[in-house]
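# Inside the fold
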Amino acid sequence: MFRKAKEFIIEKLIQVCGLASIFFVVVIFLFLLKEGLAVFKIVTPLNFLFGKSWYPISDPAQLGILPLICGSLLVTLGAAIISIPIGVACAIYIAEIAPSKTKEVLKAGVELLAAIPSVVLGFIGMVTLVPWVKNIFHLPTGLTALSGSIMLAFMAMPTIVSIAEDALYSVPKSYKEGAFALGATHWQTIHRVMLPAASSGILAAVMLGIGRVIGETMAVMMITGNAAVIPHSLLQPVRTLTATIAAEMGEAVVGSEHYFALFAIGIVLFIISFAINVTADLFLHRENR
Amino acid sequence: MRRSNLPQNLGFLLLWICMITTLFFLLALLFFIVSKGIRIISWEFLTQGPRQFMTQGGIAPAIVGTIYLTMGAIIFALPLGLACAIYLCEYSPKSFIVNLIRIGINNLAGVPSVVFGLFGLAVFVKFFGFGVSILSGALTLGILVLPGIISSTQEALLAVPQSLREASLAVGATHWQTIKKIVLPSALPGILTGVILSIGRVAGETAPILFTAATFYKKGYPDSVFSEVMALPYHIYALMTEGTHPIRQTEIAYGSALVLVFLVLVISILAIIVRQRQRIIYVH
């Protein structure tokens, strides 16, 4: 009798804790919505998303986040161009070519790269990369979208490498053996058989890597120059969605339109990252089937 | 046969170059931090507070602050996360809603950390009125790692063979006894790896504590959970963007970066070792 009661209590306790963490997450999302949606009393959603000027503290405040969206997209695009080929190549090298002992070391190396805090990457970018970019391209400032892209590329790398490597690893051994049996070389097997077979997993890896870049805050804030204008090239300073929140929330007056606008940017980021993750999930599940 | 070796060699060379580039970046980064940071590290640097407008003294309060925030976050998130994972894997019926919750939690792990900072500001700092404090920061960081802890624990629990559970139930153990004595011990290395990685992540996060906990300078150590706190990652950011002695501050930032990277890497290496041992156990 006592044992049954104990069992019952423990089960309920675990259930309560479990549901509490789910409840937490839901409530907190509702808070974000509540604070963010208030800005649409002042600007229409269309003007907010596609307005070309972000002057939140002028009077009247101009709350158009198009320059910030463009900034985020530009930095992300640059980072993607660098990190996707290199990341996928690293994944192939680790999964297919490296001998098993080297493989463990390489995987540990990639994991350590993932562990380095973004503020440290931002700091190192500020003291090394930014002056180099300035000197190489003869720019007035090295705080540009390019610097941000390079630094972020190496932050997306670990995500891309580890998920793409998993995808390659889970291709059935028989595919590879079949290709070898037909007389294909190792290289032919990799690019004609392994890559197509793992393609949806690799796509998911790329999506999640990009998700990581869009959400990155500290490094971007420190090295992209934070100018809220629509950029025309990679060699200009830009300001991203994340950096705007991080840089301005400290000064925004609670309850002001600026404050609500920053929360609305939070909602935009939330939706972007959710869309990316759901898409990546779909790719991963397609592979499982 | 010889004919087709050329594309293969070229291809492998290309892959090798990419691999070396990534490793080179990692090593160059570490070399830079260590070589410049080691000059500034001294006993005084590690045990004293900053003096003379951030140009003298050390970073002890920031180290202590980071430890407080990390511990607070884990104390909050660990029991909740474990319970949630156990509930989802072991107790809840396999239904559509549970699946939905699972997908939701997995996706939350990808939400930008600065958005969690906004949550923390709206809920803990403003709504509950904790103000900018250790408590707000630790809770925000806790929420941030909650999804990660839940999904890594879930994975570890799912990897425990169903036959172990059935055998335990068959010899008359109750559901909770089975979980406590059979499932959790087998899943422990996996759970531990996830938790250790979360600790590393919390220690290095900056964006969520920007407006919930961190301050650039505070005299002495925090005396309650409601006081503002210095934290290593924020300290590095602030040294580079605020203050009036950029050259001297950059040097201190190197020292702080070295301490932070050292902390985080030690934690990650620990996680890698735990996982390696788990693999060995499974093989034998």
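Residues numbered from 1 in each chain as written. Chains lettered and ligands numbered in written order. Predicted model: local features only at pLDDT ≥ 70, side-chain atom pairs only at ≥ 80, totals over all residues. Heavy atoms only, no water.

### Topic: the overall build of chain A
In plain terms, the rule: Numbered from the N terminus, helices here are DSSP runs of H or I no shorter than four residues, and strands are runs of E no shorter than two. Remark: exposure states derive from per-residue accessible area (1.4 Å probe, protein chains only) relative to the maximum for the residue type, with buried under 20%, exposed over 50%, and partly exposed in between.
Counting its regular elements, chain A contains 12 helices and 2 strands. Helices and strands in chain A line up, N terminus first, as α-α-β-β-α-α-α-α-α-α-α-α-α-α. Taken along its principal axes, the extent of the C-alpha atoms in chain A is 80 × 75 × 35 Å. Buried positions account for 53% of the 289 residues belonging to chain A.

### Thoughts on the domain arrangement of chain A
All names here are of chain A. What counts here: For the purposes of this description, domain bounds are those given by an automatic or database domain assignment. Residue contacts are counted whenever heavy atoms from the two residues lie within 4.5 Å of one another. Buried area: the sum, over both parts, of the accessible surface (1.4 Å probe) that disappears when the two are put together. Salt bridges are defined by distance alone: a side-chain nitrogen of Lys or Arg within 4 Å of a carboxyl oxygen of Asp or Glu. We call two N or O atoms a polar contact when they sit within 3.5 Å, provided that within protein one can donate a hydrogen and the other can accept it, with sequence-adjacent residues counted only if both atoms are side-chain atoms. Polar here means any residue other than Ala, Val, Leu, Ile, Met, Phe, Trp, Tyr, Cys and Pro, which are nonpolar, and Asp, Glu, Lys and Arg, which are charged; Gly is therefore polar.
Domain boundaries assigned for chain A yield domain 1 (2-41) and domain 2 (54-288). Measuring from the centre of the C-alpha atoms in domain 1 to the corresponding centre in domain 2 gives 31 Å. With 8 residues of domain 1 at the interface, the matching set in domain 2 holds 10 residues. Of the roughly 760 Å² buried between domain 1 and domain 2, counting both surfaces, carbon and sulfur atoms make up 86%. The largest per-residue losses of area from domain 1 upon contact with domain 2 belong to Leu32, Glu35 and Val39, which jointly make up 61% of the total buried on that side. Along the contact surface separating domain 1 from domain 2 lie 0 salt bridges. For the pair domain 1 and domain 2, the number of links is 1 residue pair in polar contact (both at pLDDT 80 or more). Among the residues forming the side of domain 1 that touches domain 2, the class breakdown is 6 nonpolar, 1 polar and 1 charged.

### A short note on the interface of chain A and chain B
A common way to report how large an interface is uses the accessible area buried once the components associate. Counting from both sides, the interface comprises 74 residues of chain A and, opposite them, 75 residues of chain B. Carbon and sulfur atoms supply 82% of the area that chain A and chain B bury against each other, a total of about 6900 Å² over both sides. When the buried area of chain A at its contact with chain B is split by residue, Ile14(A), Phe123(A) and Trp187(A) rank highest and sum to 9% of it. The interface formed by chain A and chain B holds 1 salt bridge in total. Taking the shortest distance from any N to any O, the salt bridge between Glu111(A) and Arg275(B) comes out at 2.7 Å. At the junction of chain A and chain B, the tally comes to 7 residue pairs in polar contact (both at pLDDT 80 or more). Residue contributions to the side of chain A that touches chain B peak at 19 residues, all from helix α1 (residues 2-37) of chain A.

### A closer look at the packing of helix α6 (residues 145-169) of chain A against helix α1 (residues 5-37) of chain B
Cut-off, in case you're wondering: To obtain each axis, a line is fitted to C-alpha atoms, and for helices this fit is confined to the stretch in contact; angles are then taken between N-to-C directions over 0 to 180 degrees. Between 65 and 115 degrees an angle is taken as roughly perpendicular, under 35 as roughly parallel, over 145 as roughly antiparallel, and anywhere else as oblique. Left-handed is the label given to a crossing in which the near helix is rotated counterclockwise from the far helix by less than a right angle, and right-handed is the label when the rotation is clockwise.
It is the contact of α6(A) with α1(B), at a shortest axis distance of 11 Å, that shows an interaxial angle of 110°. Compared by their axis directions, α6(A) and α1(B) come out roughly perpendicular. Two packed elements cross with a definite hand, and for α6(A) against α1(B) that hand is left-handed. Only Thr21(B), Thr22(B), Phe25(B) and Leu29(B) of α1(B) make contact with α6(A), whose side of the interface consists of Met151(A), Phe154(A) and Met157(A). Partitioned by chemical class, the residues of the contact of α6(A) with α1(B) number 5 nonpolar, 2 polar and no charged.

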